[in-house]
Amino acid sequence: MLLTALVNANPDGIINVHCLESVLITLTLMKACVWFQFLVLGLSVAKKNYRPIAIARAVSDSVTAYAPTTNVQCPDLSTTSLIRSFSPQNQTLHPEEKAYVSTRENTTILQAWQDWLGDGSALGYNLSNFTTPFPRVGLTIPGGGLRAAQYGSSSLLVLDARNTSSKEAGTGGLLQVASYIAGLSGGSWVTGSLLFNNFPTLDDLVFGNGKDLDGWLLDIPFVAPDGDNLFSDKNQDFFGSILWSVISKANQGVDTSLTDVWSRMISYHFLNQTSRSNFFTNDTGHGAGQLWSEIPLIPAYQNHLTPFPIVVADSRPSNSNSTAILGLDSVVYEITPMELASYDPFLSSGMNLSFAGTHLNSGRSLNGSACVVGFDQAGFIMGSSASLFNQIFDFGTSTLSQFSSSDSTGLLYLLSRQLREVRTRANDVANWPNPFQGQSAGSFQDTDATWLNLIDGSSNQENTPYGPLLVNSRDLDVIVALEGSADDPVNNWPNGTSLIFSNQRQINFLQKSHKKMPPIPSTPDDFIATGVNARPTFFGCDPSSSDDYPLIIYLPNAPPLTGDDPVTNTATFQLTYTQHHTRLFFNQVFLNLASGFTPNSNAPDPNWGKCLQCAAFDRARSKALPSISRSSFCATCFKQYCYDPNNPSSKSELPNRKLAFVDPDPQGLGNFIANNKLKLIGGFIGLIVLIGLIAFGIVLYKKHYIKKKAIEYQRLQHSSDLIFEDFSENPHVDSYKLEPYNG
C-alpha cells in the first residue's frame, strides 16, 4: 500500500531511490514487529497463519489438542485406585499387560515361531511335535537421537519377516516372535512411531509409501525446518504452532518446559499427521491429541501384531538442580499404555496412565475429586524419554552445548518466547505431576515432592533399556539388544558401556526385583579388545542350573563388514539427514546385520540367519522336559558367536574395518572441492577448450563476413557504374530516380 501511494503521488512513475529504501526498511521493521507481537501473544499465530483452523474440526485436528483437560471427575477412589503397588519380592504386572502378552504368545507369536523355524530340521532339531513354550523375547532400542532411531529402525527391518530379503537371509522373523519392545530416547521415537502408524514395514515407516505414509522427513531440520533464518515466514509459522500447543497446555495450569517444545518437534516427524505438503500449516494437529494410553485402540495392537511397548525415562530428584550424570540409585520409570511405573525396589508402584497429570497424595487427588486426562501425549512421552537438556543447558551463558549453533539458537529462541507468555518451574526437565507423593516413604526419593523431574533415559549411563526386560515378573528368556550407542567419543561406536552400567545397577540395587545379567566383559576396553562391540555376539549361552539370566543377542552398530567407509556412526546431536544418507544408512546396517561375520575375513557368514535362530530358540531347548541336546549345527554357531569369558575372542578376528565416519553428503565449498577435484579439473579444461572453439568460430565467421561484404561491394559498384552510364546517355530522362541501397 505504501508503494502504491508513492507511485500515485509521482505521476511520472519515478520514485526516489532513497525514498524506496526507507519504505523497504519501514516494511521490514513493521514485519518484524508483527512477528514479535505474533509470538508473544502465542495464540495469534493460528489466526495469522493464513490457513485458519475451522472451529468445527475434531480436537485431534488442532495443535491445541496438546493441552490436557483438567477438573475431570476422578473415578470413585473408594472402590478404584489410580495407584498399583507391589513389593520387589511379590511383583505383579498390570493385568492388561499380562493379558496382552499371554494372548499374543498363544496366537500370533506361536504361529510366527513356526513360520520362522519351520520343523527345525535346518537347525538340527525335530520340532514337529514340540510342545514346550517357546522363549519369551524382548527387543531393546537405545538412545542417541536420530542416529539411534535410524539404527533401531534399520535393524528391525533386518529382523522383520515382512521383508523379503530379511526372510531369505533367515533373520526375518525375530521381530514377529518378540513379546516386548523397549525404547529409550531416540529408541522411544522408533517405538512410538511404529505403534502410532499402525505397525507398518520399516521401509514404509521411514521413507514413506507414496500413499498414507510420508515417512520421517529427516531431511527437514527438527528445529528450523525452513533453514537457519529463524525469521523466515515458514519458520515463524512452525514456531508459532509449536508455541501455541505449549501455551495451550500451560493455560490449563500445567507447568511446561523446553521438553514440551522438543516433544512437539518430535511429533512432526514420528507421529502420523504430518506430511511434506502440510508441514508448515495448521491443517492437522501434527500429533497433538494422540495419547499413549490409547495405544490399545490401534488396530495392529488390537490384533496382537505388535510387541508390547515400553518407554524408559530417568528421574532427577526433585530437590536437585544437578546437571551431572545421575547415580545408579535414582529411580528409573517406564511408561506403558497402561501406566507410569517403576519396578525399582525404591518405589515398586504404578500410576494409571490415563490420569497421569493428576497430583496425588497417598493415592488421593490434591484437588478434591478432580483429575487430569490427556496429559499422556504421545509426543510428550517420547520427549520425556529424550529430555536431555539438564546436562547440556548452561543457564549462565544461555547456551545448549553439543547442538549445532543454529539448532541451539532456535531452541533457546523458542524458550525465550515461551517464557514471555508462561512461567515454568523447571526449564530443563519434563515436568510431571507426582502421583506417588506419600508412597514408599522410607526409600522413594520423591515421596515428599509434588512434581517429578523426568529426564533422558540414558542419564544414568544406561543408554540401552535393559532394565524393563530384566524385571522378574516379565520373565524374559532372550533380550535382543539393538545397540546403537555412541560411547566412543572419537568415532561414535558402542563399547559396552550401557551393558556394563546395567549390570552394575542390577548387582548394587536391583537384586530383589530384576534378573541378573549374564557374564560380560568387565570394562569398555575389554569389549573393544575382544571385538564383541563390533560384531554380533551372544552373551549367556551356557548358564548353570542355578543361574536364571536371559541370553542376550547383542547386535551392535559396527564398521562395515566389507571394509567400506562407515556412514552410520553419526553424532547424537545431528538433527538433519538427507534422504540419500538415510538410505545409505539403512543399506549399510542391513548388510552388516544380515551377514553376521566370518572370523579373520571380510566375507559374510552364510549360516548367520540360522545361527540367529539357534540363539533365539536355545532357552526353550534347555527348559524342555526332558531337555533337548543342543544340535551339532547350533553348537558350531555358538562356538563362533558366544562370548566365552574363559576363552575370549580378539578384535584381530575383524580385519580391515574402517572406524572413521565418512560423510556421504559433505557440505561446504572446501569439502565440495576436495571431493570433486578431478571433476572440477576436467570441467575447467573442458571450459577452456569450449572458449577456444568459440573464439576460433568467431574468427572464421568474421573472415567469411568480410569476404562476403567485399563481393557485395564489387557488385554494387558495378551496378552504379551502369546506372550513371545510362543517365549520361539519356540526360532528359528525369523520371528516373536512384533509390538508396538497403542491403
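Residues numbered from 1 in each chain as written. Predicted model: local features only at pLDDT ≥ 70, side-chain atom pairs only at ≥ 80, totals over all residues. Heavy atoms only, no water.

An unreviewed UniProt entry annotates the protein as Lysophospholipase of Psilocybe cyanescens. We quote the UniProt Sequence similarities (unreviewed entry) comment for the protein here in full: "Belongs to the lysophospholipase family." The Catalytic activity (unreviewed entry) field of the UniProt record for the protein holds the comment "a 1-acyl-sn-glycero-3-phosphocholine + H2O = sn-glycerol 3-phosphocholine + a fatty acid + H(+)". (UniProt positions renumbered as here; feature names shortened; annotations may be inferred.)

### As for the overall build of the protein
Within the protein one finds 23 helices and 18 strands. As presented, the protein carries roughly 32,300 Å² of accessible surface, and 55% of it is formed by carbon and sulfur atoms. (Helix = DSSP H or I, 4+ residues; strand = E, 2+ residues; numbered from the N terminus. Areas by Shrake-Rupley, 256 points an atom, 1.4 Å probe, with all protein chains shown as cover.)

### Things to note about the layout of surface pockets
One number sums up the size of the largest pocket: a volume of about 780 Å³. Secondary-structure elements contributing two or more residues to the lining of the largest pocket are helix H6 (145–158) and helix H14 (389–392). The class makeup of the residues in the lining of the largest pocket is 12 nonpolar, 14 polar and 4 charged. Size it by volume and the second largest pocket reaches roughly 460 Å³. Along its surface, the second largest pocket is lined by 20 residues, and Lys 639, Cys 642, Tyr 643, Asp 644 and Asn 647 are the ones closest to its centre. Of the residues assigned to the lining of the second largest pocket, the class counts are 10 nonpolar, 5 polar and 5 charged. (1 Å grid on protein atoms, 1.4 Å probe; cavity = no way out; pocket = protein on both sides within 12 Å on 5 of 7 lines; lining within 4 Å. Points joined across faces, edges and corners; volume = space filled by probe spheres on them. Nonpolar A, V, L, I, M, F, W, Y, C, P; charged D, E, K, R; others polar.)

### Section: helix H11 (residues 258–270)
Along its 13 residues, H11 runs 19 Å from first to last C-alpha, staying within 8% of the 18 Å computed at 1.5 Å per residue. In terms of burial, H11 is a largely internal element, 13 of the 13 residues being buried. The residue sitting at the N-terminus of H11 and contributing the capping side-chain oxygen is Ser 257; that oxygen lies 3.1 Å from the backbone nitrogen of Thr 259. (Expected span 1.5 Å × (residues − 1). Buried < 20%, exposed > 50% of the residue type's maximum accessible area, 1.4 Å probe, protein only. Polar contact = N/O pair within 3.5 Å; in protein donor to acceptor, adjacent residues only side chain to side chain.)

### A look at the state of the cysteines
Summed over all chains, the structure comprises 4 disulfides. Between the sulfur atoms of Cys 74 and its disulfide partner Cys 371 the distance amounts to 1.9 Å. Between Cys 74 and Cys 371 the disulfide shows an S-S torsion of about 105 degrees. By sign, it is right-handed. Taken as a pair, Cys 74 in the loop between strand E1 (69–73) and strand E2 (83–85) and Cys 371 in strand E11 (residues 370–373) lie far apart in primary sequence, 297 residues in all. For the residue pair Cys 74 and Cys 371, the accessibility class agrees, reading buried in each case. Along the protein, the cysteines that take part in disulfide bonds pair up as 1-2, 3-8, 4-7, 5-6, counted in sequence order. (Disulfide = S-S within 2.5 Å.)

### Describing the packing of helix H10 (residues 233–250) against H11
Two elements in contact, H10 and H11, have axes separated by 9 Å at closest approach and are oriented at 125 degrees. Compared by their axis directions, H10 and H11 come out oblique. H10 and H11 meet at a crossing whose hand is right-handed. Counted together, Phe 238, Ser 241, Ile 242, Ser 245, Val 246 and Lys 249 of H10 and Asp 260, Val 261, Arg 264, Met 265 and Tyr 268 of H11 form the full contact between these two elements. (Axes fitted to C-alpha atoms, helices over the stretch in contact; angles between N-to-C directions. Parallel < 35°, antiparallel > 145°, perpendicular 65-115°, else oblique. Left-handed = near helix turned anticlockwise from the far one by under 90°. Contact = heavy atoms within 4.5 Å.)

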